Amino acid sequence: MEPVEEVRLLVLAAQREGNRALASELRPLGLTPSQGEVLRLLAERQPLSLSGLGALLVCESGSNPSRLVDRLVTAGFVHREVDAHDRRHVELTLTDAGRRAAEGVAVVEGRLHAWIAEAATGHDLEQVRGFLRALVTGRGAGDAVALRASAAADADPGPDSEPAHSPGR
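Please read all numbers here as calculations on a predicted model, not as lab measurements.

A.B. asks: Explanation requested: the pattern of salt bridges in the structure shown.
C.D. replies: Opposite charge on two side chains makes pairing possible when the charged atoms of those side chains draw close. Evaluated as defined, the whole model comprises nine salt bridges. Among the ionic pairs, Arg20 bridges to Glu17, the shortest N-O distance being 2.7 Å. Taken together, the residues span about one helical turn, with Arg20 and Glu17 both in helix α1 (residues 3-26) at a distance of three residues. Classification of Glu17 as partly exposed rests on a relative accessible area of 41%. The closest approach of N and O atoms between Glu126 and Arg129, which form a salt bridge, is 2.5 Å. Taken together, the positions of Glu126 and Arg129, both in helix α6 (residues 125-136) and three residues apart, correspond to about one turn of that helix. For Arg129, a relative accessible area of 41% gives the class partly exposed. Overlapping salt bridges bring together Arg40, Glu44, Arg45 and Glu109 as one network.

In structure tokens, the structure reads:
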């Protein structure tokens, strides 16, 4: 087997195994991985427009996750409000049930992240992340990850960052 073919198959296998684990853990909550992603994004960034949500989703291609949101509205997890002046603009927020569900999703994601961290022990994650970024840069899902990563970095600069108004600036 050629190394690039093995890489392709390993990426696919990792994605499938991770998604199976996530789906299995979310099933008791009555959620799919895609629904869980929407709830977590709204919990972190609400309110979001439909197109704003679509730009951040990795689970869905395209920028209009209407059907996915429709199911969450019907289930009572998401509130959709149409702008009175521009009916094309829809604002999405979580309901109380949606907030509780998002908390459950966060717990499940924490367990999945711990599993990944354990498997990563002894490996250089910066190299892996750099390779995967190069693989998906300029593509829909890769753009969504980059957008989420840059927004997360802006929101949480980390302990090594200088304050925005440090002396001498």
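A.B. asks: Sorry, what's going on with a nonpolar patch on the surface here?
C.D. replies: Nonpolar side chains collect at one region of the surface, where Val7, Val11, Leu125, Val128, Phe131, Leu132, Leu135 and Val136 lie side by side and expose about 580 Å² of accessible area between them. Elements supplying a minimum of two residues to the nonpolar patch: α1 and α6. For the nonpolar patch, the element with the highest residue contribution is α6, accounting for six residues. Relative to the elements of secondary structure, Leu132 occurs in helix α6. On the basis of relative accessibility, which here comes to 35%, the residue Leu132 falls in the partly exposed class.

A.B. asks: What exactly am I supposed to notice about the environment of Glu103 here?
C.D. replies: Residue position: Glu103 is located in helix α5 (residues 96-120). Given the relative accessible area of 54%, Glu103 is considered exposed. The spatial distance from the C-alpha of Glu103 to the C-alpha of Ala43 is 8.4 Å, given a sequence separation of 60 residues.

What counts and what doesn't
Residues numbered from 1 in each chain as written. Predicted model: local features only at pLDDT ≥ 70, side-chain atom pairs only at ≥ 80, totals over all residues. Heavy atoms only, no water. Salt bridge = Lys/Arg side-chain N within 4 Å of Asp/Glu carboxyl O. Helix = DSSP H or I, 4+ residues; strand = E, 2+ residues; numbered from the N terminus. Buried < 20%, exposed > 50% of the residue type's maximum accessible area, 1.4 Å probe, protein only. Patch = residues over 30% accessible without salt bridge, like charges linked within 9 Å, V, L, I, M, F, W, Y side chains within 5 Å. Areas by Shrake-Rupley, 256 points an atom, 1.4 Å probe, with all protein chains shown as cover.

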